[in-house]
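An overview of the molecular structure
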Amino acid sequence: MAATIKITLKRSPIKRVKNQKLTLEALGLTKLNKTVEHNVTPQIMGMVAVVKHLVTVE
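Scope of this entry: the structure provided in the associated data block.

Reading guide: rules and limits
- Residues numbered from 1 in each chain as written.
- Predicted model: local features only at pLDDT ≥ 70, side-chain atom pairs only at ≥ 80, totals over all residues.
- Heavy atoms only, no water.
- Pairing = 2+ DSSP bridges.
- Helix = DSSP H or I, 4+ residues; strand = E, 2+ residues; numbered from the N terminus.
- Axes fitted to C-alpha atoms, helices over the stretch in contact; angles between N-to-C directions.
- Contact = heavy atoms within 4.5 Å.
- Core = buried A, V, L, I, M, F, W, Y, C linked by side-chain atoms within 4.5 Å.
- Buried < 20%, exposed > 50% of the residue type's maximum accessible area, 1.4 Å probe, protein only.
- Arc of directions from axis to C-beta.

Bringing the sheet that holds strand β2 (residues 35-39) into the picture now. Overall, antiparallel pairing links the 3 strands, which are arranged β2-β1-β3 in an open sheet. Of all strands in the sheet, those with a lone pairing partner are β2 and β3 (55-57), marking the two edges. Strand-to-strand twist across the sheet, computed as the mean angle between neighbouring axes with direction ignored, equals 25 degrees. Of the pairings in the sheet, the one linking strand β1 (residues 4-9) to β3 comprises 3 bridges and is antiparallel in character. Following the sheet pairing, Thr8 is matched in β3 by Thr56. Against the sheet, helix α2 (residues 42-50) engages β1, β2 and β3, with an angle of about 25 degrees to β1.

This part is about the pairing of β1. Note: β1 against β2, 5 bridges, orientation antiparallel. Paired with Thr8 across the strands is Thr35, a residue of β2.

This brings us to the nonpolar core. Counting 12 residues, the largest nonpolar core consists of Ile5, Ile7, Leu9, Leu24, Leu27, Leu29, Val36, Ile44, Val48, Val51, Leu54 and Val55. Sorting the residues of this core by element identifies β1, α1 (18-27) and α2 as the ones contributing at least two each. With sequence-adjacent residues up to four places away left out, Val48 is seen in contact with Ile5, Ile7, Val55 and Val57.

Right, let's talk about α1 for a bit. Taken residue by residue, α1 has Gln20, Thr23, Leu24 and Leu27 as its buried positions. The buried side chains of α1 occupy one side of the element, clustering within an arc of 100 degrees when seen end-on. When the buried face of α1 is taken as reference, the exposed residues oriented beyond 90 degrees from it are Lys18, Glu25 and Ala26. Where α1 is buried, its residues meet β1, β2, α2 and β3. One or two positions beyond α1, positive phi appears at Gly28, with a value near 95 degrees.

Right, dumping it as structure tokens:
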């Protein structure tokens, strides 16, 4: 079974650069306090690293 992580959007993407907004959209985070689950892969972890100041990871 693959390990999963929960990613929650905690800060607004307003006034952020375009690549951060697109990364949040690709992760499925569209509204504040929305939580999504993803499998732990290098691609997902790289996306989380780009927006680490906007999200919390469990």
